[in-house]
Structure formats: C-alpha cells, structure tokens
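# Summary of the model geometry
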Amino acid sequence: MLQRLVDELALLRSPLGGVRPEPAGPVARRMVAACWPLRAVFVTPMAAVAGAVADEMLAALVAGRTLETAYVNNGGDIAVHLAPGAALALGVVARLDAPAIDATARLACAMPVRGIATSGWRGRSRSFGIADSVTVLAADAASADVAATLIANEVTLDDPAIERRAASDLDENSDLGGRPVTVAVGILSKAAVDRALDRGARRARAMHRAGQIAAAMLVLRDQRRTIGDAGALAPG
C-alpha cells in the first residue's frame, strides 16, 4: 500500500485545480475523491492520506467477514464499521499537551458517520491555523481527515503572538510548499480566540450545510465551538 502511494506522490502533492487527477492506487483514489469537492480552496490529496489509509485497511478487514463492530485507528484518523444495531463510543482529546477526555462521540449504525479525524497545529501535520484541535465526524475517514484539515486552517488570525514559517523550510518535500504554517502560539486575548474560532466555525457550518460533515468540534485555549448534530459530540 505505502509503495503505491510513494509511486504517485508527485501527483498527490499537487494542488487540486481544474482537471480531476486519476491516480492508479486505491488509497490515492480515495484521497482524491475526498478532497475533490473541496478544491475551491487550496488543498492537495495529501490532506486525506491518513484517513484514506484507514478506510482502505478497514475495507480489507471486513471483506468476506461478518463483524458487528470494527475500526482502524491510523494515528487519530479512524474508519469505523458498524453492523445493524451496533454502536461505538469514542473519547476526544482536544489538546495533546493536556491529554484528557474533553468530549465523547457515540456512533450508531443508523448515523451517516463512518469516519472521525482530528487536526490542528499541535498535531503531526502542518496547519495554516492555530486551532489546538478540530475534530470532525463524516461519512468516511478520508472525508473527515480533509475536512478537519481545512477547518483547522480557518481557525486563524494575524497576531504578534503567532509564529509562522514556510512549510518548505520545515520539510523540503511538503505539499504545502512555501506557504506559512504555524509553529508557535503565544498568549492570546479572549477576543482574539473568539475571532479565530468564529472563522473556523463559519467554514464548518458551510461544510455541514453542504452535507460534507456530520459534526465538528473546534478547540482553542479551552474555548470551543460545536457544529452539527448536537448529540454526536458531547462534552466529556
């Protein structure tokens, strides 16, 4: 699986534009399918790579088997299988530097949710924004992955307390090129936190209206916004 992704990295690291790419590998095709509806803003298929891998692994896991519940957790990007009548409870950690169950999500078979993902500037991927975390529930893990990435990018503002560097300075192979990504966030006023969260919430609401996500929770400095199904994400 990984070798097939490596073989198509040049294509997958390219921003989506006017012509839809047609990669050969199954994971790469999942990545493009998840990101293509969101191409109006800067996005490359790499925004969905972790979720797409989880989706593909889950598909292999359940093929030819009768399973009540199954999931693949790829570093926080989670693909879920639920048989009729089955449910799965998840705990959401909003801040890596202060790990605790800040919210819970209960997925039931009847819900249109089979993927959950979290993004933010503190995570393993680079972000344009300053969100401590953005957790998204969506139809599959790849869709949740790219949505969390793009919503987290929108939780942002210009402030002297925020330090950014070109993504290519941190990783010469980054699909983000020379675009500035967040590397540190200092002290912010409550008003600044509110403005940043409001920006991200607008993007999340637009995705929810478009049917691209089921729910989202945005967290910055112990403040949060929850969008979508109020019963899907509940305080921990």
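Going by the structure above, here's the rest.
To keep things clear, this report deals only with the structure shown in the data block. These numbers come from a predicted model, not from an experiment. (Residues numbered from 1 in each chain as written. Predicted model: local features only at pLDDT ≥ 70, side-chain atom pairs only at ≥ 80, totals over all residues. Heavy atoms only, no water.)

## With respect to the overall build of the protein chain
Looking only at helices and strands, the protein chain has seven helices and 11 strands in total. Taking 2.2 N^0.38 as the reference for a compact globule, 236 residues should give roughly 18 Å; the C-alpha atoms of the protein chain span a radius of gyration of 17 Å, in line with that estimate. Counting only C-alpha atoms and orienting by the principal axes, one finds that the protein chain spans roughly 55 × 40 × 30 Å. Among the 236 residues that make up the protein chain, the fraction classed as buried is 48%. Looking at the protein chain as shown, the accessible area adds up to about 11000 Å², and 52% of this sits on carbon and sulfur atoms. Placing the 26 positive and 24 negative side-chain charges of the protein chain at their respective mean positions leaves the two points 4 Å apart. (Helix = DSSP H or I, 4+ residues; strand = E, 2+ residues; numbered from the N terminus. Rg over C-alpha atoms; globule rule 2.2 N^0.38 Å. Buried < 20%, exposed > 50% of the residue type's maximum accessible area, 1.4 Å probe, protein only. Areas by Shrake-Rupley, 256 points an atom, 1.4 Å probe, with all protein chains shown as cover. Lys, Arg positive; Asp, Glu negative; His and termini not counted. Charge placed at Lys NZ, Arg CZ, Asp CG, Glu CD.)

## Some details on the sheet that holds strand S3 (residues 87–92)
Taken in spatial order, the three strands make up an open sheet running S3-S4-S11, and their pairing is antiparallel. Two strands lie at the open edges of the sheet, namely S3 and strand S11 (233–235), each paired on one side alone. Adjacent strand axes in the sheet meet at a mean angle of 25° when their direction is disregarded. Looking at chain direction, strand S4 (residues 103–108) and S11 are connected through three bridges and run antiparallel. (Pairing = 2+ DSSP bridges. Axes fitted to C-alpha atoms, helices over the stretch in contact; angles between N-to-C directions.)

## Comments concerning the sheet that holds strand S5 (residues 115–119)
Taking strand neighbours across the sheet as the criterion, the six strands line up as S1-S2-S5-S6-S9-S10 in an open arrangement whose pairing is antiparallel. What marks the edges here is a single partner per strand, and that holds for strand S1 (69–74) and strand S10 (223–228). Between one strand and the next, the sheet's axes are offset by a mean angle of 10°, whatever the strand orientation. One ladder, built from six bridges, connects S1 with strand S2 (residues 77–82); its direction is antiparallel. For Tyr71, the partnering residue across the bridge sits in S2 and is Val80. This element, helix H4 (residues 49–62), spans S1 and S2 of the sheet and lies at about 150° to S1. (Contact = heavy atoms within 4.5 Å.)

## Quick word on the pairing of S4
Pairing of S3 with S4 involves six bridges; the strand directions are antiparallel. By the bridge assignment for S4, Leu90 is matched with Ala105.

## Examining the environment of Val146
Mapping Val146 onto the fold places it in helix H5 (residues 141–154). On a C-alpha basis, the gap between Val146 and Val43 in space is 8.4 Å, while along the polypeptide they are 103 residues apart. Setting aside its immediate chain neighbours within four residues, Val146 contacts Ala34, Cys35, Leu38, Val43, Ala47 and Ala48.

## A word on the packing of aromatic side chains
Working definition: an aromatic ring pair is given by the centre-to-centre distance plus the angle between the planes. Summed over all chains, the structure comprises one aromatic pair. The ring of Phe42 has Arg179 sitting right over it, with the charged end atom 3.8 Å from the ring centre. (Phe/Tyr/Trp six-rings, centres within 6.5 Å; stacked < 30°, edge-to-face > 60°. Lys NZ or Arg CZ within 6 Å of the ring centre and 35° of its normal.)

## A look at the nonpolar core
If you look at the biggest cluster of nonpolar residues, it comprises 47 residues, and the most contacted ones within it are Ile130, Val136, Val146, Ile151, Val155 and Leu218. Where this core is concerned, the elements lending two or more residues are helix H3 (26–35), H4, strand S6 (133–138), H5, helix H7 (190–209) and strand S9 (215–220). Residues Ile78, Val80, Ala108 and Val219 belong to the second largest nonpolar core, which totals 22 residues. (Core = buried A, V, L, I, M, F, W, Y, C linked by side-chain atoms within 4.5 Å.)

## Side note on the side chain of Thr135
Turning to its location among the elements, Thr135 is positioned in strand S6. A distance of 2.8 Å separates the side chain of Thr135 from the side chain of Thr118, its partner in a polar contact. Beyond its immediate sequence surroundings of up to four residues, Thr135 is in contact with Val92, Ile116, Ala117, Thr118, Ala215, Ala216, Met217 and Leu233. (Polar contact = N/O pair within 3.5 Å; in protein donor to acceptor, adjacent residues only side chain to side chain.)

## Re the environment of Ala33
Within the element layout of this structure, Ala33 appears in helix H3. Along the backbone, Ala33 and Ala48 are 15 residues apart, and their C-alpha atoms lie at a distance of 9.3 Å.

## Some remarks on the side chain of Asp77
Summarising the element assignment, Asp77 is placed in strand S2. Overall, the relative accessible area of 3% leaves Asp77 in the buried class. With residues near it in sequence (within four places) discarded, Asp77 still touches Ala50, Gly51, Ala54, Val72, Ile116, Ala117, Thr118, Arg124 and Asp145.

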